[in-house]
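Chain by chain, the residues run as shown.
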Amino acid sequence: MAKILVTGGAGYIGSHTCVELLNANHSVVVVDNLSNSSEEALFRVQQLTGKSLDFVQGDIRDSTLLDQVFAQYSIDAVIHFAGLKAVGESQQIPLAYFDNNIAGSISLVKAMERAGVFKLVFSSSATVYDEANTSPLNEDMPTGMPSNNYGYTKLIVEQMLEKLAIADTRWSIALLRYFNPVGAHQSGQIGEDPQGIPNNLMPYVTQVAVGRRQKLSIFGDDYDTIDGTGVRDYIHVVDLANAHLCALNNRLNAVGCRAWNIGTGNGSSVLQVKDTFEQVNGVAIAFEFAPRRLGDVATSFADNQRALDELGWVPRYTLEDMLKDSWNWQKQNPQGYSN
Ligand code: NAD
Ligand code: UDP
């Protein structure tokens, strides 16, 4: 079994991935500066799995710290989640995004090179695709210039990693293009805990359900979709976590850099998400229609065939499961980890 460094492992997707790694008997070292997470998530990961992991609180831009980590642990591969992810904020403080996401990734791969570790799984996003593409989106479609600075950082890091793997064939890199991660571990012990007003649909819905927000604003009712609201490919965070294990396996005996879409291949509209949430959980979600949100596309969903064929990955959870698990987490933890 391998020793995996997980950057950003205390965060939403990172913590779920740590559970799956530990359950598969890998050993895990987390580096996280806790800028958007709580150490409590890592305590709960260990409780859930009955296994321990090593946690180093620190920043991926700190090369001395990374050298210490690589010297102390004989790391086989890195899963790189650490970074900032709020689209709106990235327009207000672009330098913080360039620094954490781009400079942070450069700092990490330089430390990996110094340590002789060349296997990397990177958290990318479907936002790298050119908006002119029509869904289902496949990996051969052109990338475009994302309309926000967050997406721009993902594109730049992808391109940088591709060029790195061409220049130096020791590298073996997986770019996982996530669609819309939602849901939580079935125990309800770990889940998504955004700071402040949620930007994303799912945590907004669960916060309305739990009484922290008054009503959901649905951004746009006149898109060319099934019911006029935006369509996205929601993927259960546990399925997403497992995609990282499949990608690691794939990269063990491969070189080069390759991208995979991680989505279910199904699109759901905002109204379908709201209605299904109400049905499966028996909770009403107050809502109003609001103007379209700047930068949103009508429809985005994945062609996930490449991941199915090459990674042997199979998403198992339905939209109903995602919405049940999101609610289970939120209702057990109304204030997230700060209960
Ligand atoms: P998250 O904010 O919950 O997790 C990111 C973690 O990284 C946090 O624990 C944070 O404290 C840590 N971190 C941030 N900057 C750091 C730094 N400089 N050094 C060390 N640690 C740092 O976010 P998430 O939803 O779990 O996302 C994980 C990754 O997946 C991110 O790179 C994100 O951009 C990407 N992604 C997320 C989504 C999504 O919708 N959640 C979609 C596509 C891609
Ligand atoms: N959305 C919404 N209200 C919200 C948040 C999101 O109507 O409070 C819509 C948004 O316009 C999009 C979908 O929900 O159609 C998913 O948005 P999210 O921000 O979760 O993910 P994105 O696909 O934008 O990354």
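All values reported here derive from a predicted model rather than from experimental measurement.

J.: Explain the state of the cysteines here, please?
T.: Here, disulfide denotes a covalent bond that connects the sulfur atoms of two cysteines. Across all of its chains, the model carries zero disulfides by this definition. Distance from the sulfur of Cys18, which forms no disulfide, to the nearest cysteine sulfur (Cys246) is 16 Å.

J.: Can you help me understand the packing of helix H7 (residues 201-209) against helix H9 (residues 270-281) in this one?
T.: Think of two packed helices as two axes; the pair is described by the angle between the axes and how far apart they sit. Two elements in contact, H7 and H9, have axes whose closest approach is 11 Å; the angle formed by their N-to-C orientations is 35 degrees. H7 and H9 meet at a crossing whose hand is right-handed. Residues Leu201, Met202, Val205, Thr206 and Ala209 of H7 touch H9, and the partners they reach there are Val270, Val273 and Phe277. Split by residue class, the contact of H7 with H9 holds seven nonpolar, one polar and no charged.

J.: Honestly, the packing of helix H1 (residues 12-23) against helix H8 (residues 237-252) in this entry has me stumped. Any pointers?
T.: It is at 8 Å that the axes of H1 and H8 come closest, and there the two elements cross at 60 degrees. If you check the angle between H1 and H8, you find them oblique. H1 and H8 meet at a crossing whose hand is right-handed. Each of Tyr12, Ile13, His16, Thr17, Glu20 and Leu21 in H1 lies in contact with H8, whose residues at this interface are Val237, Val238, Leu240, Ala241, Asn242, His244, Leu245 and Leu248. Taken together, the residues that form the contact of H1 with H8 break down as nine nonpolar, four polar and one charged.

J.: Hey, could you run me through the UniProt feature "domain: NAD-dependent epimerase/dehydratase" (unreviewed entry) in the chain in this one?
T.: The positions UniProt marks with the feature "domain: NAD-dependent epimerase/dehydratase" (unreviewed entry) are residues 4-263. Spanning residues 4-263, this segment combines 40% helix with 20% strand, and its end C-alpha atoms are found 24 Å apart.

Conventions used here
Numbering of residues begins from 1 in every chain and follows the order in which that chain's sequence is written. Think of it this way: whatever chain is written first is A, whatever ligand is written first is 1, and the rest follow in order. In view of the model being predicted, local features appear only for residues whose pLDDT reaches at least 70, and side-chain atom pairs are presented and counted only at 80 or more, with totals across whole chains, interfaces and linings using the full set of residues. Excluded from the side-chain calculations are hydrogens and water; all other atoms, namely the structure's heavy atoms, are used. Only a pair of cysteine sulfur atoms within 2.5 Å counts as a disulfide in this structure description. Only C-alpha atoms enter the line fits that serve as axes; for helices the fit covers just the stretch in contact. Angles between N-to-C directions range over 0 to 180 degrees. Only runs of H or I of at least four residues qualify as helices and only runs of E of at least two qualify as strands under DSSP, and these elements are numbered from the N terminus. Crossing chirality is assigned from the near helix's rotation relative to the far helix, an anticlockwise turn below a right angle marking it left-handed and a clockwise turn marking it right-handed. Contacts are assigned to residue pairs with any non-hydrogen atoms lying within 4.5 Å of each other. Under the scheme applied here, ten amino acids are nonpolar (Ala, Val, Leu, Ile, Met, Phe, Trp, Tyr, Cys and Pro), four are charged (Asp, Glu, Lys and Arg), and all others, including Gly, are polar. Here the angle decides the label: under 35 degrees means roughly parallel, over 145 means roughly antiparallel, 65 to 115 means roughly perpendicular, and every other value means oblique. UniProt positions are given in the numbering used here, feature names are shortened, and annotations may be inferred rather than shown by experiment.

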